[in-house]
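Here is how the chains run, residue by residue.
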Amino acid sequence: MVLRVEGMHCTSCGLSIDDELEEIPGVRMAGTDFRSGRTVVRLEEDAAVDMAELVAAVQRAGDYQARPAD
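In this report, the structure presented in the accompanying data block is examined. (Residues numbered from 1 in each chain as written. Predicted model: local features only at pLDDT ≥ 70, side-chain atom pairs only at ≥ 80, totals over all residues. Heavy atoms only, no water.)

### Considering the pattern of salt bridges
Point 1. Applying the stated rule across the entire model yields one salt bridge.
Point 2. For Arg60, the salt bridge is made with Glu20, and the minimal N-O distance between the two is 3.1 Å. Of this pair, Arg60 sits in helix H2 (residues 51-61) while Glu20 sits in helix H1 (residues 11-22), placing them 40 residues apart in sequence.
Point 3. When its relative accessible area of 52% is taken as the criterion, Arg60 is described as exposed. (Salt bridge = Lys/Arg side-chain N within 4 Å of Asp/Glu carboxyl O. Helix = DSSP H or I, 4+ residues; strand = E, 2+ residues; numbered from the N terminus. Buried < 20%, exposed > 50% of the residue type's maximum accessible area, 1.4 Å probe, protein only.)

Quick look at the structure:
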């Protein structure tokens, strides 16, 4: 799954988002690039994680806005 994230200013922002996303059961890995404003989330096989849950995790990480990437 790929998210567009707005509001990031540095690498630390991306790491905070990754940490929050990786706390969700079923998320295997999250990788955020603040320069491109994209987060790639890899799920475990058969994980029941929906986009709303991912967006909520990004918002918990800080003052960020997330949406599905086009």
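### Section: unusual backbone geometry
Point 1. Residue Asp46 is not a glycine yet carries a positive backbone phi of 65°.
Point 2. Examined against the element boundaries, Asp46 turns out to sit in the loop between strand E3 (38-43) and H2.
Point 3. For Asp46, a relative accessible area of 75% puts it in the exposed group.

### Describing H1
Point 1. Counted at 1.5 Å a residue, the expected span for H1 with its 12 residues is 16 Å, and the 16 Å between its end C-alpha atoms agrees.
Point 2. When H1 is considered as a whole, its buried residues turn out to be Cys13, Gly14, Ile17, Asp18 and Leu21. Down the axis, H1 shows its buried residues gathered within 135° of arc, on one side only.
Point 3. In this fold, the buried residues of H1 make contact with strand E1 (2-6), strand E2 (27-33), E3 and H2. (Expected span 1.5 Å × (residues − 1). Arc of directions from axis to C-beta. Contact = heavy atoms within 4.5 Å.)

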